[in-house]
Amino acid sequence: MATRIRQKAQERKTGADKRPRAIAKYIRISPRKFKVVIDLIRGKQVDQALAILMYTPKAAAPIVLKLLNSAIANAENNLELSRDELYVAEVYANAGPTLKRYVARSRGSASPMLKRTSHITVVLDSKK
């Protein structure tokens, strides 16, 4: 049976990370393509990261830009942090579920087509 449910929940809550974050799930771009874009902004100030993303000609850039704006809004509205002190502490793309489809090939055969999805997380922090 479940024991110490309330105590365990309280311990999880006190040990939780208090930094502002934004998460986008089930995005229909592979994590490999996201990693090219998110490596550009890791560790940068948020205004500098926004400028980089605006002028990056990759399909993943507008999605990461929208997610970064959401994380900034979370920091300002929920945690009352100043935008000038924020920087991108962590940003990572994890693999989501893969859609498996088949493509017709010659002589009546088929080849698998893997349509990959991603979960992207942006975590900000304040320079103190």
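Residues numbered from 1 in each chain as written. Predicted model: local features only at pLDDT ≥ 70, side-chain atom pairs only at ≥ 80, totals over all residues. Heavy atoms only, no water.

So, on to the packing of helix α2 (residues 31-41) against helix α4 (residues 61-77). One way to put it is that α2 packs onto α4 with a least axis distance of 9 Å and a crossing angle of 45 degrees. Considered as vectors, α2 and α4 are oriented oblique to each other. Seen along the crossing, α2 lies across α4 with a hand that is right-handed. Where α2 abuts α4, its residues F34, V37, I38 and I41 lie against A61, I63 and V64. In the contact of α2 with α4, the residues fall into seven nonpolar, no polar and no charged. (Axes fitted to C-alpha atoms, helices over the stretch in contact; angles between N-to-C directions. Helix = DSSP H or I, 4+ residues; strand = E, 2+ residues; numbered from the N terminus. Parallel < 35°, antiparallel > 145°, perpendicular 65-115°, else oblique. Left-handed = near helix turned anticlockwise from the far one by under 90°. Contact = heavy atoms within 4.5 Å. Nonpolar A, V, L, I, M, F, W, Y, C, P; charged D, E, K, R; others polar.)

Turning our attention to the sheet that holds strand β5 (residues 118-126). What the three strands build is an open sheet, ordered β1-β5-β2; its pairing is antiparallel. The open sheet has two edge strands, β1 (21-27) and β2 (86-95), and neither has a second partner. Each strand axis lies, on average, 15 degrees off the axis of its neighbour in the sheet, ignoring direction. Across nine bridges, β2 lies against β5 in antiparallel orientation. The residue bridging V88 from the neighbouring strand is L124, located in β5. In the packing of α2 onto the sheet, the strands contacted are β1, β2 and β5, and the crossing angle to β2 comes to about 170 degrees. In the packing of α4 onto the sheet, contacts are made with β1, β2 and β5, and the angle to β1 comes to roughly 150 degrees. (Pairing = 2+ DSSP bridges.)

A word on the side chain of S126. Tracing the backbone shows S126 in strand β5. A distance of 3.2 Å separates the side chain of S126 from the side chain of E85, its partner in a polar contact. In this structure S126 touches L81, E85, L86 and Y87, once residues within four positions along its chain are discounted. (Polar contact = N/O pair within 3.5 Å; in protein donor to acceptor, adjacent residues only side chain to side chain.)

Take the packing of α2 against helix α3 (residues 46-54) next. Across the interface, α2 lies against α3 with an axial gap of 9 Å and an inter-helix angle of 145 degrees. Here α2 runs over α3; the crossing is right-handed. Across the interface between the two elements, V37, L40 and I41 from α2 touch A49, I52 and L53 from α3. Of the residues that constitute the contact of α2 with α3, the class distribution is six nonpolar, no polar and no charged.

Within this structure, the stated rule accounts for three salt bridges. A salt bridge links R42 to D39, with the nearest nitrogen and oxygen atoms 2.7 Å apart. (Salt bridge = Lys/Arg side-chain N within 4 Å of Asp/Glu carboxyl O.)

Here the focus is the environment of K100. For K100, the position within the fold is in strand β3 (residues 99-104). As for K100 and Q7, which are separated by 93 residues in sequence, their C-alpha atoms are 42 Å apart. When residues no more than four places from it in sequence are discounted, the contact partners of K100 are M113 and L114.

Moving on, we come to the side chain of T56. Position of T56 among the secondary structure elements: in the loop between α3 and α4. Under the relative-accessibility criterion, T56 is labelled buried at 15%. In terms of polar contacts, T56 uses its side chain to reach the backbone carbonyl oxygen of I52, at 2.5 Å. Contacts of T56, omitting those with residues within four sequence positions, involve L40 and A61. (Buried < 20%, exposed > 50% of the residue type's maximum accessible area, 1.4 Å probe, protein only.)

All quantities given are derived from atomic positions and should not be read as evidence of function.
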